[in-house]
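What follows is the residue order along each chain.
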Amino acid sequence: MGIRARGGKRSGRRTEFDVRRTAFGFVLAGILLAGGGLALRTALRSAERHPVAAVALAVLLVAGTVALLRRRRNRRRTARAAAAVVETAYDVVDAALEEVARDEVQVTEPLPPPPPVDYAAMDPYEFEEAVAALCRRDGCPDAEVVGGAGDLGADVVATTPDGRRLVVQCKRYTADNKVGSQDLQRFGGTCYVVHEADVAVVVTTSDYTGPALEYAEQCGILCLGLDELTAWSEGAAPSPWYATGSAETVAGPELTEAPLSAP
C-alpha cells in the first residue's frame, strides 16, 4: 500500500511538470512567430528600397532556421554550413553597400557648369529675349519684351522682387561701337517720364563712352557692359536692380571699386 502511494505521487508530479513545459513551449513559439512576423514585414518594406540587402537578410534568416532545425541531428555539419551561408551573406551585403555608395557618389557629383552665353552672337531680338529671361530667373516673373517700333527706349519691362518698376534698354552693339551719350540722353528722356521707371538699366554687348557714363550717373541710370552682363548671367554679380544707383557700379557698397566700364 505504501509503495503504491509513492508511485502515485511521482506520477502526479510528472504530469504537472509536463503541463508547465508545454505552456512554456507555446509561449516561446508565440514569441518566435511574432518576432519572425515583424522581421518579415520589415524585410518586405525595405525590399523596395534596397533589394540586395533584403535578399541578404532573407539568406541570414534561412540560415538561422536551418541551423535550429538541424542542430540536434548534426551540430558540427550545421555549424559549418551556417558559417558558409553567413559568409556568403556578408559578401552579398558588402556588395550591396558598395553599390549604394557608388549610387550616392553619382547622385552627389555636381553637374558641369553650362557653357557661357555668347550674347554678342545674338541678333537684337534674341538679345532682348535673353535679358528678359535673366530678369525672370532672378525674381521678375512678369518680365516681357516690349521693344519694337515706337517703344520709346523700353525693350524689357518688369517688376522687381521688392515691387519696383524695372525698365531696360538693350543695345546689341559690336565691340568697336560703344554706347554714346546721345543714346543715354534719349533713354533718359523717356525712362522716367514716359515709362515711369523706378529702376532704369541699359545693357549692351559693347561698352560705354565716358560722357555716356557721366550722363547716366547724373540721371541714376545703371549701365551694364558685356563683362558685367556675363557676370550677372553666370551668377558672379547681383541683379542690377540691387545696385545703389550709381552708373559706375552694379554692386552695392561692398563692390564699389568695380566699374562697369572705363570712361
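Scoring rules and cut-offs
Residues numbered from 1 in each chain as written. Predicted model: local features only at pLDDT ≥ 70, side-chain atom pairs only at ≥ 80, totals over all residues. Heavy atoms only, no water. Helix = DSSP H or I, 4+ residues; strand = E, 2+ residues; numbered from the N terminus. Areas by Shrake-Rupley, 256 points an atom, 1.4 Å probe, with all protein chains shown as cover. Buried < 20%, exposed > 50% of the residue type's maximum accessible area, 1.4 Å probe, protein only. Pairing = 2+ DSSP bridges. Right-handed = clockwise from strand over helix to strand, strands pointing away. Core = buried A, V, L, I, M, F, W, Y, C linked by side-chain atoms within 4.5 Å. Salt bridge = Lys/Arg side-chain N within 4 Å of Asp/Glu carboxyl O. Axes fitted to C-alpha atoms, helices over the stretch in contact; angles between N-to-C directions. Parallel < 35°, antiparallel > 145°, perpendicular 65-115°, else oblique. Left-handed = near helix turned anticlockwise from the far one by under 90°. Contact = heavy atoms within 4.5 Å. Phe/Tyr/Trp six-rings, centres within 6.5 Å; stacked < 30°, edge-to-face > 60°. pLDDT = per-residue confidence, 0-100.

Asker: Can you explain the overall build of the protein chain? Please cite residues and give values.
Answerer: A count of helical and extended segments in the protein chain gives seven helices and five strands. In sequence order, the secondary structure elements of the protein chain are arranged as α-α-α-α-β-β-β-α-β-α-β-α. On the protein chain, roughly 17,500 Å² of surface is accessible, and the fraction owed to carbon and sulfur atoms is 58%.

Asker: Tell me what's going on with the pairing of strand 4 (residues 199-204), and back it up with residues and numbers.
Answerer: Residues in a regular strand project their side chains so that they alternate between the two faces of the sheet. Among the six residues that make up strand 4, six are buried, leaving the element largely enclosed by the rest of the structure. In strand 4, alternate side chains face the same way, and those of Val 199, Val 201 and Val 203 on one face and Ala 200, Val 202 and Thr 204 on the other are all buried. With six bridges connecting them, strand 3 (residues 165-171) and strand 4 associate as parallel partners. Looking across to strand 4, one finds that Leu 166 is bridged to Val 199. In the classification by handedness, the crossover that spans strand 3, the intervening helix 5 (residues 181-191) and the parallel strand 4 is right-handed. Where strand 4 meets strand 5 (residues 221-224), four bridges bridge the pair, whose relative direction is parallel. The residue of strand 5 that forms the bridge with Ala 200 is Ile 221. Assessed by its sense of winding, the connection that carries the chain from strand 4 through helix 6 (residues 210-219) to strand 5 is right-handed.

Asker: Break down the nonpolar core for me, with residues and values.
Answerer: Looking at soluble globular proteins, one finds that nonpolar side chains tend to be buried together. Core analysis: the biggest nonpolar cluster contains 24 residues, and Phe 127, Leu 166, Val 168, Val 201 and Val 203 have the highest contact counts within it. Top contributing element to this core by residue count: helix 4 (residues 124-137), with six residues.

Asker: Explain the pattern of salt bridges to me, and be specific about the residues and the numbers.
Answerer: Summed over the entire model, instances satisfying the criterion amount to three salt bridges. A salt bridge links Arg 137 to Asp 138; the nearest nitrogen and oxygen atoms lie 2.8 Å apart. On the basis of relative accessible area, Asp 138 is assigned to the partly exposed category, the value being 21%. Across the pair Arg 164 and Asp 162 runs a salt bridge whose closest N-O atoms are separated by 3.1 Å. Take Arg 164: its relative accessible area is 27%, and that puts it in the partly exposed class. By relative accessible area, which is 49% here, Asp 162 ends up partly exposed.

Asker: If you had to explain the sheet that holds strand 3 to someone new, which residues and values would you point to?
Answerer: Strand order in the open sheet formed by five strands is 1-2-3-4-5, and the pairing between neighbours is mixed. Each edge of the open sheet carries a strand with a single partner, namely strand 1 (144-145) and strand 5.

Asker: If you had to explain the environment of Pro 141 to someone new, which residues and values would you point to?
Answerer: Checked against the element boundaries, Pro 141 lands in the loop between helix 4 and strand 1. Here the alpha-carbon distance between Pro 141 and Pro 161, two residues 20 residues apart in the chain, equals 9.0 Å.

Asker: I'd like to hear about the packing of helix 5 against helix 6, residue by residue, with values.
Answerer: Running from N to C, helix 5 and helix 6 cross one another at 20°; their axes reach a closest spacing of 8 Å. With respect to helix 6, the axis of helix 5 lies roughly parallel. The chirality of how helix 5 crosses helix 6 is right-handed. Contacts from Ser 181, Leu 184, Gln 185, Gly 188 and Gly 189 in helix 5 reach Pro 211, Ala 212, Tyr 215 and Ala 216 in helix 6.

Asker: Quick rundown of the packing of aromatic side chains? Include the residues and the values.
Answerer: Applying the stated rule across the entire model yields three aromatic pairs. Measuring from centroid to centroid gives 6.2 Å for Tyr 119 and Phe 127, while their planes differ by 75°, and the two rings are edge-to-face. By relative accessible area, which is 3% here, Tyr 119 ends up buried. Geometrically, the ring pair formed by Trp 241 and Tyr 242 is tilted, given 6.2 Å between the ring centres and 55° between the ring planes. In this structure Trp 241 comes out as buried when scored by relative accessible area, which is 1%. Of the residues examined, Tyr 242 reaches a relative accessible area of 47% and is grouped as partly exposed.

Asker: Got a sec to walk through the confidence of the model for the protein chain? Specific residues and values, please.
Answerer: With 57% of its residues at a pLDDT of 70 or more, the protein chain shows a mean pLDDT of 75. Mean pLDDT per element in the protein chain: helix 1 (residues 2-47) is the minimum at 62, and strand 4 is the maximum at 96. Considering only residues more than four positions removed or in separate chains, one finds that residues 244-263, a stretch of pLDDT under 50, has 47 contacts.

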